[in-house]
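Read off the chains here:
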Amino acid sequence: MQPRFDVPSHLTIWRDCLKIYVDEKEKLKKAFNDQRLCLTTDIWTSIQNINYMCLTAYWINEGWNLNKRILNFYQFSNHKGETIGQAIESCLLEWGIDNILTVTVDNASSNNLTIKYLKRVTSNWTTNIL
């Protein structure tokens, strides 16, 4: 509508969005420092029979304010406990999170295996309570 407006290329927009994402992720990683994180996960299958999982972190900051952030939104192959556990472990390693207080899951039977897997792989993490 404004002829003097120079439309940026899709590569410029992509690069700018990626920079914002990386900067915001670093800020969030700093916000996680010295915080005990509570995690929740929700898993579902779409109408197209595609499996999705959302991993969310909750923590209370120094001002006693509850914070909530989605860490990752995955598409993955199945609802097996080991697969879910590996996806959560991968996310925690990517974010550098090792100070887990709790993990809350729904009552799906595969979540028993997920929690067992997470207990096993995080048992030697020094700051982990899980």
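Residues numbered from 1 in each chain as written. Predicted model: local features only at pLDDT ≥ 70, side-chain atom pairs only at ≥ 80, totals over all residues. Heavy atoms only, no water.

So, the overall build of the protein: which residues are in play, and what are the values?
Helix and strand counts for the protein stand at 3 helices and 4 strands. Going from N to C terminus, the protein has its helices and strands arranged as α-β-β-β-α-β-α. Its C-alpha radius of gyration of 18 Å places the protein more than 25% over the 14 Å reference for a compact globule of 130 residues. Counting only C-alpha atoms, the protein reaches 60 × 45 × 25 Å along its principal axes. Per-residue burial for the protein yields a buried fraction of 34% across its 130 residues. Expressed as a percentage of contacts within the protein between residues at least 6 apart in sequence, the contacts between residues at least 24 apart total 55%. Accessible surface, the protein: about 9,000 Å² in total, of which carbon and sulfur atoms supply 56%. (Helix = DSSP H or I, 4+ residues; strand = E, 2+ residues; numbered from the N terminus. Rg over C-alpha atoms; globule rule 2.2 N^0.38 Å. Buried < 20%, exposed > 50% of the residue type's maximum accessible area, 1.4 Å probe, protein only. Contact = heavy atoms within 4.5 Å. Areas by Shrake-Rupley, 256 points an atom, 1.4 Å probe, with all protein chains shown as cover.)

Tell me about the pairing of strand E2 (residues 51–60), and please be specific about residues and values.
With 7 of 10 residues buried, E2 is to be regarded as a mostly interior element. In the sheet, strand E1 (residues 37–45) pairs with E2 via 8 bridges, with the strands oriented antiparallel. By the bridge assignment for E2, Thr45 is matched with Asn51. Between E1 and E2, which pair antiparallel in sequence order, lie 5 residues; one of them, Asn49, sits at a positive phi of approximately 65 degrees. Strand direction decides the pairing type here: E2 and strand E3 (residues 66–76), joined by 10 bridges, are antiparallel. Residue Ile60 lies in a different strand from E3, and its bridge partner there is Leu66. (Pairing = 2+ DSSP bridges.)

With reference to specific residues and values, describe the sheet that holds strand E4 (residues 100–104).
Spatial ordering of the open sheet is given by E3-E2-E1-E4, a layout of 4 strands whose pairing is mixed. Two strands lie at the open edges of the sheet, namely E3 and E4, each paired on one side alone. Neighbouring strand axes in the sheet, compared pairwise and without regard to direction, differ in orientation by 20 degrees on average. Its contacts with the sheet put helix H1 (residues 10–32) on E1, E2 and E3, and the angle it makes with E2 is roughly 50 degrees. Each of E1, E2, E3 and E4 is contacted by helix H2 (residues 81–95), which is oriented at about 125 degrees to E3, the strand it contacts most. (Axes fitted to C-alpha atoms, helices over the stretch in contact; angles between N-to-C directions.)

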